[in-house]
Structure formats: structure tokens, C-alpha cells
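Residues per chain are reported as follows:
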Amino acid sequence: GAGVSQSPRYKVAKRGQDVALRCDPISGHVSLFWYQQALGQGPEFLTYFQNEAQLDKSGLPSDRFFAERPEGSVSTLKIQRTQQEDSAVYLCASSRGTGGGGGYTFGSGTRLTVV
Amino acid sequence: AQSVTQLGSHVSVSEGALVLLRCNYSSSVPPYLFWYVQYPNQGLQLLLKYTSAATLVKGINGFEAEFKKSETSFHLTKPSAHMSDAAEYFCAVRPASGNTPLVFGKGTRLSVIA
């Protein structure tokens, strides 16, 4: 596609519910990133994929967070047993290569509200 | 570890006035530096980037930034603010080599007053 697509745009979950957030990167982009953006804050890194390999998951806040990209394109971020502190906008970004010079193309994000 | 500090969480300027958004970086290796803009309920859009070529970088919408190694700064400027520039602006850094992901600052909200 022309851009990075994320779904759903909004998700309300009851505390304890599991959620799955989807990211469709730009076709052919090798690198895919997930960020978490709390209200009024900058994006915080969660995890990074190069093709299907998850090369860095150091930003995942707990073992309730899990991400996958099984075929090197679409990625899913799953949060188990959601807590109120998980409420945030989850941003997905992709880039063509793996080097440092390229900027990322971001999706519009999924706003997760845990009630 | 790398980081950026954005001075001022909120900047307010009059329409037509100079825009100056400050960013200082901390990096033990040569950095790449970026400015992104975020409009309400949207993702981040790349404004400009410094990747060790020219130190004065021009971006979209009339914005530019200058990399100053001696001051460890990468401030964003625009000569004349437009109402449409009102948004959240984020400075970000990553090493010039390797796959380390972007690290973002906390952001500066720009308001433009008519």
C-alpha cells in the first residue's frame, strides 16, 4: 500500500481483556517498529523486526506484550490481560532498509483505552 | 545510550513570527538526527533529517534545522509561522550505523496565534 496502515484506529478494552493490534507496513519495507505513546509524551520504543526476525524487544514493558511478524510483512502486537497503564497510542512504523539514514514512515496509530 | 532533550514543552508564536524549537542531543557516536511533526489523531510525519552531509538541512513546509556539533544541538526553525504549523514536534536520534531504533524526545507543542 501507499502508507503504513494500522487497525483498529480505536480500541476500548475492559481490564483483563486480551487485545491484538495490526500493522500493515509499506510493501517491501524490511524494517518494522512498534512504539507506545502515552498522552502528552514522545513515542517510546517497544520492538523491532527485520523481515520476520524480531531483533530487539528490549522495550516491551512486560511479558504480557508480544509481537510477531511471521511472513515478514504484516505485524501484530498482542497485549494479554490489559491493565489501565496500557492505555496509550500504539504506533507502527516501517523503513525500506536497515541502515541509519532512512527516516521511518509511521501509521496513524491505534488508540487503546483500558477501562 | 543516546537521547534528545527538547527545551520547552509548549511554544507559542504569532502568525508570521519566527519559529524556533530547540533540541539538544547526547550521543557517544556520530548521530543521525530527525524532526517529526504530529497533527492531532495522526501518526508522525518526517519533516527533515541530518545524516552527516550538509549541516544545514531543509525540510518540508519551509522548516530547516542546523546541526551544531560544538553545541550538540539540532534546533528547528521556520522564518514565518502559519496557522497550519500548529502541531506537536518531536526531535529524534539514532546512531549513524547499525540498527538501533530512533529515540524520541518528549515533544514540543507549537501554538500559532492569529
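So, a few notes on the structure that sits alongside this text. Note that this is a predicted model, so its numbers are computed, not measured.

### Observations regarding the pattern of salt bridges
As a working rule, side chains carrying opposite charge can pair if their charged atoms are close by. Inspection of every chain in the model, using the stated rule, returns five salt bridges over all chains. Residue R64(A) is joined to D86(A) by a salt bridge in which the shortest nitrogen-to-oxygen separation is 2.8 Å. Separated by 22 residues along the polypeptide, R64(A) in the loop between strand 6 (53-56) and strand 7 (65-68) and D86(A) in the loop between strand 8 (75-79) and strand 9 (88-95) bring together distant segments of the chain. Between K78(B) and D85(B) there is a salt bridge whose closest N-O contact spans 2.9 Å. When its relative accessible area of 3% is taken as the criterion, D85(B) is described as buried.

### Some points on the state of the cysteines
As enumerated under the stated definition, the model contains two disulfides over all chains in all. The disulfide partner of C23(A) is C92(A), and the gap between their sulfur atoms is 1.9 Å. Residues C23(A) and C92(A) are joined by a disulfide whose S-S torsion is about -65 degrees; by sign, that bridge is left-handed. One end of the pair, C23(A), is in strand 3 (residues 19-24); the other, C92(A), is in strand 9, and 69 residues separate them in sequence. Taking the relative accessible area as the measure of exposure, C92(A) reaches 0% and is therefore buried. There is a disulfide in this structure between C23(B) and C91(B), and the S-S distance comes to 2.0 Å. Sign of the S-S torsion, about -65 degrees for the bond between C23(B) and C91(B), identifies this disulfide as left-handed. Note that C23(B) is positioned in strand 3 (residues 19-26) and C91(B) in strand 9 (residues 87-95), a separation of 68 residues in sequence. Taking relative accessible area as the criterion, C23(B) reaches 0% and is therefore assigned buried. Here C91(B) falls in the buried class, since its relative accessible area comes to 0%.

### Some remarks on the nonpolar core
Core analysis: the biggest nonpolar cluster contains 26 residues, and W35(B), L48(B), L76(B) and Y89(B) have the highest contact counts within it. Elements represented by at least two residues in this core include exactly strand 2 (10-14), strand 3, strand 4 (31-38), strand 5 (44-50), strand 7 (64-68), strand 8 (73-78), strand 9 and strand 11 (108-113) of chain B. When residues no more than four places from it in sequence are discounted, the contact partners of Y89(B) are Q6(B), L21(B), W35(B), Y36(B), V37(B), L47(B), F63(B), L76(B), G107(B), T108(B) and L110(B). Grouped together as the second largest cluster of nonpolar side chains are 20 residues, F65(A), A67(A), I79(A) and C92(A) included.

### Points about the side chain of S95(A)
Position of S95(A) relative to the elements: it lies in strand 9. Those residues in contact with S95(A) that sit more than four places away from it in its chain are H29(A), V30(A), S31(A), F33(A), G103(A) and Y104(A).

### Notes on unusual backbone geometry
Cis geometry is found at the peptide bond from S7(A) to P8(A), where omega equals -10 degrees. Look at R81(A): it is not a glycine, yet its phi comes out positive at around 50 degrees. Tracing the backbone through its elements, the reader meets R81(A) in the loop between strand 8 and strand 9. Phi at T72(B) is positive, roughly 45 degrees, even though this residue is not glycine. With relative accessibility at 32%, the residue T72(B) sits in the partly exposed group.

### Side note on the sheet that holds strand 1 (residues 5-7) of chain A
All names here are of chain A. One open sheet holds the four strands; their spatial order is 1-3-8-7, and the pairing between them is antiparallel. Two strands bound the open sheet, and with one partner strand each, they are strand 1 and strand 7. Strand-to-strand twist across the sheet, computed as the mean angle between neighbouring axes with direction ignored, equals 15 degrees. As judged from the three bridges shared by strand 1 and strand 3, these two strands associate in the antiparallel manner.

### A word on the packing of aromatic side chains
Residues and elements named next belong to chain A. In the structure shown here, the tally under the stated rule is 15 aromatic pairs over all chains. Centre to centre, the rings of F33 and Y48 are 4.7 Å apart; their planes meet at 10 degrees, and the pair counts as stacked. Placement of the pair is F33 in strand 4 (residues 31-37) and Y48 in strand 5 (residues 44-50), with a sequence separation of 15 residues. In this structure, F33 and Y48 share a single accessibility class: buried.

Calculation criteria
Residues numbered from 1 in each chain as written. Chains lettered and ligands numbered in written order. Predicted model: local features only at pLDDT ≥ 70, side-chain atom pairs only at ≥ 80, totals over all residues. Heavy atoms only, no water. Salt bridge = Lys/Arg side-chain N within 4 Å of Asp/Glu carboxyl O. Helix = DSSP H or I, 4+ residues; strand = E, 2+ residues; numbered from the N terminus. Buried < 20%, exposed > 50% of the residue type's maximum accessible area, 1.4 Å probe, protein only. Disulfide = S-S within 2.5 Å. Core = buried A, V, L, I, M, F, W, Y, C linked by side-chain atoms within 4.5 Å. Contact = heavy atoms within 4.5 Å. Pairing = 2+ DSSP bridges. Axes fitted to C-alpha atoms, helices over the stretch in contact; angles between N-to-C directions. Phe/Tyr/Trp six-rings, centres within 6.5 Å; stacked < 30°, edge-to-face > 60°.

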